[in-house]
Amino acid sequence: MENLTKTQLILLVLLVSFITSLVTGIVSVTLVNQAPAQMTQTINRVIEKVITEKPQSGNQTAAVMTNYEELITKLVEETLPAVASIIASKDVPVIERYFVDPWKNDDFFRQFVPLELMPELQVPQFRQKGTQNQQISSGTGFFVSSDGFLITNKHVVEDPEADYTVLMNDGRKLKAKVLARDSVQDVAILKIEGSNFSFIKLGDSDKIKIGQTVIAIGNVLGEFQNTVSVGVISGLRRSIIASGAASGPELLPEVIQTDAAINRGNSGGPLLDLAGRAIGINTAVAAGAENVGFTLPINSIKKAIADVKEFGKISHAFLGVRYQIITPEVKAEKKLATDYGALLIAGDSGEAVVFKDSPAEKAGLKAGDIILEFDGKRINQDNTLAKILSQKSAGQKVKLKVFKDGRESIIELELAEQPSNS
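Anyway, here's the lowdown on the structure attached to this text. Residue positions are given per chain, counting from 1 as you read along its sequence in written order. Totals for whole chains, interfaces and linings use every residue, but because this is a predicted model, local features are given only for residues with pLDDT of at least 70 and side-chain atom pairs only at 80 or more, for both listing and counting. Excluding hydrogens and water, the side-chain figures rest on all heavy atoms present in the structure.

### Quick notes on the pattern of salt bridges
Salt bridge criterion: a side-chain nitrogen from Lys or Arg within 4 Å of a carboxyl oxygen from Asp or Glu. Under the counting rule described, the total for this entry stands at twelve salt bridges. Put simply, Lys 387 and Asp 206 hold a salt bridge, and the shortest N to O gap is 3.2 Å. Remark: Asp 206 occurs in the loop between strand S8 (188-191) and strand S9 (213-220) and Lys 387 occurs in helix H8 (residues 385-389); sequence separation between them is 181 residues. Note that Glu 373 and Lys 401 form a salt bridge whose closest N and O atoms lie 3.6 Å from each other. Here the residue Glu 373 occupies a position in strand S18 (residues 370-374), and Lys 401 occupies one in strand S20 (residues 397-404), the gap between them amounting to 28 residues. Looking at Glu 373, the relative accessible area reads 18%, which means it is buried. Residue class for Lys 401 comes out partly exposed when judged on its relative accessible area of 24%. The network of salt bridges with shared partners includes Lys 366, Asp 369, Lys 404 and Asp 405. Helix numbers and strand numbers start at the N terminus; a helix is a DSSP run of H or I with at least 4 residues, a strand a run of E with at least 2. Residue exposure (1.4 Å probe, protein chains only): buried if accessible area is under 20% of the type maximum, exposed if over 50%, otherwise partly exposed.

### Focus: the nonpolar core
Throughout, nonpolar core names a set of buried Ala, Val, Leu, Ile, Met, Phe, Trp, Tyr and Cys residues whose side chains join them through atoms within 4.5 Å. Residues Phe 142, Ile 151, Ile 189, Ile 200, Ile 215, Leu 272 and Ile 301 are the most contacted members of the largest nonpolar core, which totals 32 residues. Ranked by residues supplied to this core, first place goes to helix H5 (residues 299-311) with four residues. In this structure, Ala 317, Leu 319, Leu 389 and Leu 413 belong to the second largest nonpolar core, which totals 22 residues.

### Section: the environment of Asp 159
Structurally, the position occupied by Asp 159 is in the loop between strand S5 (149-152) and strand S6 (163-167). For the pair Asp 159 and Ser 89, spaced 70 residues apart in sequence, the C-alpha separation works out to 9.6 Å. Whenever two N or O atoms come within 3.5 Å, that pair is a polar contact, provided that in protein one can donate a hydrogen and the other can accept it, and provided that, for residues adjacent in sequence, both atoms are side-chain atoms. Of note is the side chain of Asp 159, whose polar atom sits 2.9 Å from the backbone nitrogen of Glu 161.

### What about unusual backbone geometry?
Of note in this structure, Asp 357 is not a glycine but carries a positive phi near 65°. For Asp 357, the location among the structural elements is in the loop between strand S17 (342-344) and helix H7 (359-362). A relative accessible area of 51% means that Asp 357 is categorised as exposed. Its identity is not glycine, yet Asp 375 carries a phi of approximately 50°, on the positive side. By the secondary structure assignment, Asp 375 is in the loop between S18 and strand S19 (377-378). Since its relative accessible area comes to 31%, Asp 375 is described here as partly exposed.

### Quick look at H5
Side chains three or four residues apart in an α-helix point the same way, a direct result of the helix having 3.6 residues per turn. Helix span, expected: 1.5 Å multiplied by one less than the number of residues in the helix. The end-to-end C-alpha distance of H5, which contains 13 residues, comes to 19 Å, matching closely the 18 Å that a straight helix rising 1.5 Å per residue would cover. Restricting attention to buried positions, one finds in H5 the residues Asn 299, Ser 300, Ile 301, Lys 303, Ala 304, Ile 305, Asp 307 and Val 308. Buried residues along H5 sit in contact with S5, strand S7 (173-181), S8, strand S13 (278-285) and strand S14 (293-297). Just downstream of H5, Gly 312 is the residue with a positive phi angle, here 80°. Any two residues whose heavy atoms approach within 4.5 Å at even a single point are treated as in contact.

### Description of the packing of aromatic side chains
Any two rings among Phe, Tyr and Trp, with Trp reduced to its six-membered ring, count as a pair given centres within 6.5 Å; such a pair is stacked if its planes are under 30 degrees apart, edge-to-face if over 60, and tilted if neither. Taken as a whole and assessed by the stated rule, the structure comprises two aromatic pairs. Ring centres 4.9 Å apart and planes at 10° place the aromatic pair Phe 143 and Phe 197 in the stacked group. Here Phe 143, found in strand S4 (residues 123-143), pairs with Phe 197, found in the loop between S8 and S9; they are 54 residues apart in sequence, far enough to count as distant. Both residues of the pair, Phe 143 and Phe 197, belong to the buried class. Ring plane angle 80° and centroid distance 5.5 Å describe the contact between Phe 318 and Phe 355, whose orientation is recorded as edge-to-face. One end of the pair, Phe 318, is in strand S15 (residues 317-318); the other, Phe 355, is in the loop between S17 and H7, and 37 residues separate them in sequence. Arg 378 extends its terminal NZ or CZ atom over the ring of Tyr 340, reaching a point 3.8 Å from the ring centre. Only Lys NZ and Arg CZ are tested; either one counts as a charge over a ring when it is within 6 Å of the ring centre and within 35 degrees of the ring normal.

Structural data, given as structure tokens:
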């Protein structure tokens, strides 16, 4: 080494460096080929994993890691057979246009002017030439039991003179009978003769959270059947006035807001959670906005389904009061003694606080009274009086804790049937 020239020493160092780099490269390639996937790929895949529960024998369940995309596609594939298009048709007049010459058909003018001298004039007229059966509207519905019960929006099937046909996912067309139209909610219950229908299980809309992923399915624009959109829960307990129905605008309280695309024709279709359960019925969309849709919570509809199956109609309990839910802000503004409950108050246009001949009137309730509890349940923003009433039945006896005349008292009364015009 001492006899090496400077040039030889430099060449030796370069040679050793080259050999070292070559060996390092070979070892690195070998290790990469034998190693697991790259960390970035692992992170991406973990982010896309969703844990679902797969039933096992007995009461045990096992957690199964499922790719998010596969979960959505599998859920849709299993659900689509239970979603159907609902088509309304009826006999409508056939209008024919024809032309007449008013001069030649007028006996008065023909007395003074010869027929050949009358000016040529053709005036269009219209007349009915029979009737023909044609489609007048369409929407969506979904089965809730294997024996042919399905639900949709009332405004989808509100024409009592129309015939309704259900277009199944497999192309079959089945006649449907409208069993009930809800006078309070925008809901209708239909029945198809038969059995072994695919159906969607009902979830718990009280447990959903803002940001939760949801899936909407519907017959968009009346021609794109089984259109699927995915989004999230954008808001809860919204109150909207829905227009577009032939019967006029409807106030819909406590609806779910979602950014999953809901379009004309989606009405009556299901809003699903990632377990494939229906948590709502798609009902309305905000005009002039992007991805602002509204869904009726399924818990408010469960009783209607049970009523129809048991009694053949939808029944709503009626108390007969107008009220405002008390919040800390309302308490401060109105100088109230409590920050929860339902304050009995007149409507915005001065409507009566208590309905005439209602259970509330018979029980002596009046403006300024505060209903604190309903059958032991405290009334607040999350548990409104309307929500509690929706779970009750006409004829049921209940107890109200009321703050009245400066003190708390218990009032017992019997709920009535909801009047159709209230």
